[in-house]
Amino acid sequence: MNQVPYHILRSKLINGEVSLSNLVQSYLNRIEETRHQNIYLEVYQEEILEKAKQLEDKLAQAPQSIGRLFGMVISLKDVICYKNHQVTAGSKILDGFQSLFSATAVEKLLAEDALIIGRVNCDEFAMGSANENPWHGPVINGIGTNRVAGGSSGGSAVSVQMNTCFASLGSDTGGSVRQPASFCGITGFKPSYGRISRHGLIAYGSSFDQIGTLTHHVEDAALLLEIMSGPDEFDSTAIPSSPESYGKISPLAKMPKIAYFNSIINHPRLDPFVKKNFIGFLEKIKSEGATVEAVDFDYLDLLVPTYYILTTAEASSNLSRYDGVRFGYRTPEAQSLEETITKSRTEGFGKEVKRRIMLGTFVLSSGYFDAYFVKAQKVRQIIKSATENIFLNYDFIAMPTTPAPAWEIGEKTSDPIENFLADIFTVQANLAGIPAISIPSGVHEESSLPLGFQLMGPRFKETQLLNFSAFLQHKFL
Ligand code: GLN
């Protein structure tokens, strides 16, 4: 049922072919059936059934007044605030913390009669690429083997993959929406920095973070963007221009010009079957009349180091607020304020989060500030300009979403560098603040694991990116 795009589901809900209560109940049943995949941290069972009834009444009494997302059931990554519900960033340090307000994006969904079904697992503070959460355990990909879901929005991706909800909100700081989407065979979309308010999104790297969507269909990502985008008095980086009607996918006026990087095709980390799938997909696009050309991009190997210097620096600052005093977990052991802070943080953060706080504190420390932080800021500008230059001649940049498909649970846990390097193709969009999408591009010939095709577009050109991606999805999948 929920494999269909929303406009089809909506007409069935409106003409009575599908009852909303039954639909919600079927999602709740799916959640039960998929418990072993460790997707949900909390399910709002009673509440959503109650709300479904209220919405059914609304439909019966005032059908003209129903919202644009009537009956769309959504899961939230555990970094997005929902008023009077727990939000913990998948961390012990926020254990038991309840949000006093909803994220602006969530407010906007609710105002259009969407329903929130629960809070899903993720990497702690959205730091990671596998969703092997130290407190809650790994999310298990539904592809049938013992594979990671990808991260950090792994719970979001699998919640959609397994049809436990219609769509999910994730967050994308360096690929956390696109990478798990590609590992799970669904669509992951990250808008331009500033397109959707970050108010109520727990901060990791504030100059990189964006809320993004995980859906089966590009057109649903477009609809959700239309609803969630726009200015917000609570987030000065949310750009003031009024939202466009992204939801209206239109036929292409002309075929685009697409660039891809020679340095990616020849990259030693690129799995040969991922390469084959990518080149094959480009060929199909070419046969539709698009121009596809290889270009030089000299900064590929600077992307991951620049990203990890800047995001850890921002994280070390953002996470300093978790002190055992104001939010969530407090150690029962301490005798003094200093001990409260030290012990609460020691006990409340997992290993990866501690590693990043230390890395970030190091690159910001007085002796190393210029050598690392300032230098990385300069390199970020260079990467941004080089990326923008490509868009002077091309509509999109294409690349595989990831250099290899989903790995086995536990395979990379002991090697943080291996994890960092898996982000090589996704971090550029966040460094440059541009929109990017991953759509399914078939499977890996040897392992049959799902693969993703990534397109990036110029900043704030979501409409053309979504239109073309929807065209590809309809044409090839
Ligand atoms: N894997 C990347 C990281 O660990 C991306 C995370 C994200 O986008 N939140 O930083």
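Refer to the structure presented above.
Residues numbered from 1 in each chain as written. Predicted model: local features only at pLDDT ≥ 70, side-chain atom pairs only at ≥ 80, totals over all residues. Heavy atoms only, no water.

A few points about the pattern of salt bridges
- Under the counting rule described, the total for this entry stands at 23 salt bridges.
- Where R35 meets E32, a salt bridge forms, and the shortest distance between an N and an O atom there is 3.2 Å.
- By relative accessible area, E32 is classed as partly exposed at 47%.
- For E288, the salt bridge goes to K475, with nearest N and O atoms at 3.6 Å. Taken together, the residues span a long stretch of sequence, with E288 in the loop between α9 (272-287) and β10 (291-295) and K475 in helix α16 (residues 462-476) at a distance of 187 residues. (Salt bridge = Lys/Arg side-chain N within 4 Å of Asp/Glu carboxyl O. Buried < 20%, exposed > 50% of the residue type's maximum accessible area, 1.4 Å probe, protein only. Helix = DSSP H or I, 4+ residues; strand = E, 2+ residues; numbered from the N terminus.)

So, the nonpolar core
- Counting 140 residues, the largest nonpolar core has I74, F125, L169, I285 and F453 as its most contacted members.
- Top contributing element to this core by residue count: helix α10 (residues 300-318), with 9 residues.
- Setting aside residues no more than four positions away along its own chain, F453 makes contact with F278, F281, L282, I285, A398, M399, T401, I437, S438, I439, S441 and L472.
- The next biggest cluster of nonpolar side chains, apart from the first, holds 6 residues, and it includes A130, A406, W407 and A422. (Core = buried A, V, L, I, M, F, W, Y, C linked by side-chain atoms within 4.5 Å. Contact = heavy atoms within 4.5 Å.)

Notes on the packing of α10 against helix α13 (residues 369-393)
- Where α10 meets α13, the axes come as close as 9 Å, and the angle between the chain directions of the two elements is 125°. Comparing their axes, α13 and α10 come out oblique. Helix-helix and strand crossings are classified by hand; for α10 and α13 the assignment is left-handed. When α10 is examined against α13, the residues L302, L303, T306, I309, L310, A313 and E314 are found in contact with a partner set consisting of Y372, F373, A376, Q377, V379, R380 and I383.
- By residue class, the composition of the contact of α10 with α13 is 10 nonpolar, 2 polar and 2 charged. (Axes fitted to C-alpha atoms, helices over the stretch in contact; angles between N-to-C directions. Parallel < 35°, antiparallel > 145°, perpendicular 65-115°, else oblique. Left-handed = near helix turned anticlockwise from the far one by under 90°. Nonpolar A, V, L, I, M, F, W, Y, C, P; charged D, E, K, R; others polar.)

Quick look at the packing of α9 against α16
- Following both chains from N to C, one finds α9 and α16 inclined at 100°, their axes separated by 12 Å at the closest point. One finds that α9 runs roughly perpendicular with respect to α16. Contact residues: α9 offers F281, K284 and I285, while α16 offers F468, L472 and F476.
- Its residues assigned to classes, the contact of α9 with α16 shows 5 nonpolar, no polar and 1 charged.

So, a nonpolar patch on the surface
- Side chains of F362, Y368 and Y372 sit close together on the surface and give an oily, nonpolar patch of about 280 Å² of accessible area.
- With respect to the helices and strands, the residue Y368 is situated in the loop between α12 (351-364) and α13.
- By relative accessible area, Y368 is classed as partly exposed at 38%. (Patch = residues over 30% accessible without salt bridge, like charges linked within 9 Å, V, L, I, M, F, W, Y side chains within 5 Å. Areas by Shrake-Rupley, 256 points an atom, 1.4 Å probe, with all protein chains shown as cover.)

Looking at α16
- In this model, α16 (15 residues) spans 21 Å end to end at C-alpha, consistent with the 21 Å of a helix rising 1.5 Å per residue.
- Along α16, the positions that sit buried rather than exposed are E462, L465, L466, N467, F468, S469, A470, L472, Q473 and F476. (Expected span 1.5 Å × (residues − 1).)

Describing unusual backbone geometry
- Geometrically, the link from G151 to S152 is a cis peptide bond, its omega value of 10° lying close to zero.
- Unlike most non-glycine residues, N131 shows phi in positive territory, near 55°.
- When you line up the elements, N131 lands in the loop between β3 (115-120) and β4 (132-133).
- Here N131 falls in the buried class, since its relative accessible area comes to 0%.
- Phi at F460 is positive, roughly 70°, even though this residue is not glycine.
- Residue placement: F460 occurs in the loop between β13 (450-456) and α16.

A look at the sheet that holds β10
- One open sheet accounts for 11 strands, arranged β1-β3-β2-β6-β8-β7-β12-β13-β11-β9-β10; its pairing is mixed. Among the strands making up the open sheet, the edge pair consists of β1 (40-43) and β10. Going across the sheet, the axis of each strand differs from the next one's by a mean of 30°, ignoring polarity.
- In terms of strand pairing, strand β2 (residues 73-77) meets β3 through 5 bridges, oriented parallel. The residue bridging L76 from the neighbouring strand is R119, located in β3.
- Helix-sheet contacts for α9 involve β9 (257-261), β10, β11 (396-400), β12 (436-443) and β13, and the interaxial angle to β13 is about 55°. (Pairing = 2+ DSSP bridges.)

Considerations on the site of the ligand
- Close contacts around the ligand come from 15 residues, with T173, G174, S176, Y204 and Y307 the closest.
- A distance of 3.3 Å separates an oxygen atom of the ligand from a polar atom in the backbone of G175.
- A distance of 2.6 Å separates an oxygen atom of the ligand from a polar atom in the side chain of Y204.
- Notes on the ligand: free accessible area 290 Å², of which the protein chains cover 100%. (Near = heavy atom within 4 Å. Polar contact = N/O pair within 3.5 Å; in protein donor to acceptor, adjacent residues only side chain to side chain.)

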